[in-house]
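Each chain is listed here by its residues.
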Amino acid sequence: MNGFAGGPDAGGLRAAVAAMGASFDAEVLERTRLLYAPHVRAARPDQRVIADIAYGADPRQKLDLYLPARPSGPALVFVPGGGFTGGDKNGDGTFYGNLGRYFAGHGMLTAVINYRLSPAHPWPAGSEDVAGAVAWVRAHAGDHGGSGRTFLMGQSAGAAHAAGFLFNDAFHAEGGPGIDAAVLMSGIYRVGAGSPPHVRAYFGGDEAAFAERSPIAHAGRSRVPLMLCLAEFDPAPLAAPSFELAQSVTMRDGRSPHFAWFAGHNHVSTVMSLGTPQEDVGNALRDFLERQR
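Definitions and limits used
Residues numbered from 1 in each chain as written. Predicted model: local features only at pLDDT ≥ 70, side-chain atom pairs only at ≥ 80, totals over all residues. Heavy atoms only, no water. Helix = DSSP H or I, 4+ residues; strand = E, 2+ residues; numbered from the N terminus. Buried < 20%, exposed > 50% of the residue type's maximum accessible area, 1.4 Å probe, protein only. Polar contact = N/O pair within 3.5 Å; in protein donor to acceptor, adjacent residues only side chain to side chain. Lys, Arg positive; Asp, Glu negative; His and termini not counted. Salt bridge = Lys/Arg side-chain N within 4 Å of Asp/Glu carboxyl O.

- Under an unreviewed UniProt entry, the name given to the protein chain is Alpha/beta hydrolase, and the organism recorded is Muricoccus vinaceus.

See below:
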């Protein structure tokens, strides 16, 4: 997606992100937060959230459920990033809550989840937790007005966990993953000896197991409609896996998957821009999901 859409402040946001360059670290994360936070729209009074719903026994196995004002649409399960060793479903008090409100505001019952973290909980804890959260949402969406269709979205480490669950039928209940469409944003889908320490902290130290534990190794088994996303300013190690997965899915299906390349965005601005004047990411995600209803 090479185009750019948005309101009067969108060009300034795009220029500020471009000035940070194709890098990602704690400083870029904080600078991007400070850039987008003033543009996040306040919660509407008719939007409700039920926080810290347990989908498992571990303290980290909780989700926040954002309810649309007029329930009857699909459910969306969002798996946030955090480098496998950190992250929280609303740790900064702004952006993942904003994501939940954004999609709820567009008619989707939205669950933003926490999951167990490495190194205390290495592979396959993340994929197991996605499975647990999906199972909870499918069992309870109807209680909150969900329509029965379930979408899955993950970003960064969350995309790796989502892909690990989605592609590997070892994590599925009888009958398949229970997912009607999925969005994977800037994830790591293959681990190797050269992977950074925080990635190997999750996937483990046994190099002989890396291939089997890599989500891409199981991509050939999935037929769930898929949207792959990356950002113009994703660093190369965070961008290349999406191209590799796109190639694998293309060879699997005989045609390319839905692929979105977001101009003027970095590794986290794609998620942080939802509901701000920079509307390109939100429009593209909603367009894909609307066509899966």
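**Here we look at the environment of Asp92**
Moving on, step 1. Along the polypeptide, Asp92 turns up in the loop between β3 (75-79) and α3 (95-105).
Moving on, step 2. On the basis of relative accessible area, Asp92 is assigned to the partly exposed category, the value being 31%.
Moving on, step 3. A C-alpha to C-alpha distance of 9.2 Å links Asp92 and Arg33, two positions 59 residues apart in sequence.
Moving on, step 4. Within the local environment of Asp92, its side chain forms a polar contact with the backbone nitrogen of Thr94, the two atoms lying 2.9 Å apart.

**Remarks on the side chain of Asp234**
Moving on, step 1. As for its placement among the helices and strands, Asp234 is situated in the loop between β7 (226-231) and α8 (236-253).
Moving on, step 2. Arg14 provides the closest opposite charge to the buried, unpaired Asp234, separated from it by 14 Å.
Moving on, step 3. At 2.6 Å, the side chain of Asp234 and the side chain of Ser186 are in polar contact.
Moving on, step 4. Only 2.7 Å separates the side chain of Asp234 from the side chain of His267, close enough to count as a polar contact.

**Observations regarding the pattern of salt bridges**
Moving on, step 1. The full count for this structure, using the stated rule, is 13 salt bridges.
Moving on, step 2. Notably, a salt bridge pairs Arg149 with Asp180, separated by 3.6 Å at the nearest N-O pair. In this pair, Arg149 is assigned in the loop between α4 (125-140) and β5 (150-155) and Asp180 in the loop between α5 (157-167) and β6 (181-185), connecting sequence segments 31 residues apart.
Moving on, step 3. Here Arg149 falls in the partly exposed class, since its relative accessible area comes to 30%.
Moving on, step 4. Judged by its relative accessible area of 22%, Asp180 is partly exposed.
Moving on, step 5. As a salt-bridge pair, Asp253 and Arg252 come within 2.7 Å of each other at their nearest N and O atoms.
Moving on, step 6. Taken together, the salt bridges that share partners define one network made up of Glu30, Arg33 and Asp92.

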